Amino acid sequence: MTLPEGVVLPVVRAPSTVLSTPGETVDPTAPEILQLAADLLATVKVSPGCVGLAAPQVGVGAQVFAVDVTGHPKARTTHGAFVLCNARIVEASQWQKGREGCMSVPDLTGDVKRANRIVVAGYAPGSTEETQITTDAFEARALQHEIDHCAGLLFLDRVAGAHAVYARKVYL
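Residues numbered from 1 in each chain as written. Predicted model: local features only at pLDDT ≥ 70, side-chain atom pairs only at ≥ 80, totals over all residues. Heavy atoms only, no water.

### Notes on the side chain of S104
At step 1: Its place among the elements puts S104 in the loop between β3 (82–102) and β4 (105–123).
At step 2: Judged by relative accessible area, S104 falls into the buried class, the value being 1%.
At step 3: Looking at S104, its side chain comes within polar contact range of the side chain of Q57, at 3.1 Å.
At step 4: Residues within four places of S104 in sequence aside, it is in contact with V11, V12, R13, A14, L19 and Q57. (Helix = DSSP H or I, 4+ residues; strand = E, 2+ residues; numbered from the N terminus. Buried < 20%, exposed > 50% of the residue type's maximum accessible area, 1.4 Å probe, protein only. Polar contact = N/O pair within 3.5 Å; in protein donor to acceptor, adjacent residues only side chain to side chain. Contact = heavy atoms within 4.5 Å.)

### Some points on the packing of aromatic side chains
At step 1: A complete count under the given rule lists zero aromatic pairs for this structure.
At step 2: One Lys or Arg, R99, reaches over the ring of Y166 and ends 3.7 Å from the middle of that ring. (Phe/Tyr/Trp six-rings, centres within 6.5 Å; stacked < 30°, edge-to-face > 60°. Lys NZ or Arg CZ within 6 Å of the ring centre and 35° of its normal.)

### Details of the layout of surface pockets
At step 1: Considering only enclosed or pocket space, the second largest pocket measures out at about 170 Å³ in volume.
At step 2: Along its surface, the second largest pocket is lined by K74, Q96, K97, G98, R99, R114, A115, N116, A137, F138 and R141.
At step 3: For the lining of the second largest pocket, the element with the highest residue contribution is β3, accounting for four residues.
At step 4: The residue makeup of the lining of the second largest pocket, split by class, is three nonpolar, three polar and five charged. (1 Å grid on protein atoms, 1.4 Å probe; cavity = no way out; pocket = protein on both sides within 12 Å on 5 of 7 lines; lining within 4 Å. Points joined across faces, edges and corners; volume = space filled by probe spheres on them. Nonpolar A, V, L, I, M, F, W, Y, C, P; charged D, E, K, R; others polar.)

### Remarks on the state of the cysteines
At step 1: Per the counting criterion, the structure on display carries zero disulfides.
At step 2: Looking at C85, it has no disulfide partner, and the nearest cysteine sulfur is the one in C150, 9.0 Å off. (Disulfide = S-S within 2.5 Å.)

Shown next, in the form of structure tokens:
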């Protein structure tokens, strides 16, 4: 399915309530969801250093997110730029700690323990057929981060404590 032309949207920052509220499940074939998918991809594309963006980060309380880790130095496996709706983790293993940042929390980074290998099930925009993505390393971390956004969680909700939160040193 071809998405409409995307519009770059402003990114919401914490402590906005949309970021701490679980997103609604969506109809992946609805025209407004196709437009949202295109807008998320357009916003990721123009945001330096951005590898993922969820609907709540643009003020929409929906379970939709875009990911694209293509060309990132930490990426091992990549599925290119894609959008998933109503995604859920069906398998997770090989847990390890890693540093994360977020466009909605631009001044901080934190150490978060996540699965290094995952299988995610969800729906591509425009499709009624569930798809699965198996991935690892940095792409797996990005997917888990965006699924958390759709559940109303920030990476700060997953850090072990204040000792695992840092001032961002590099502003992209």
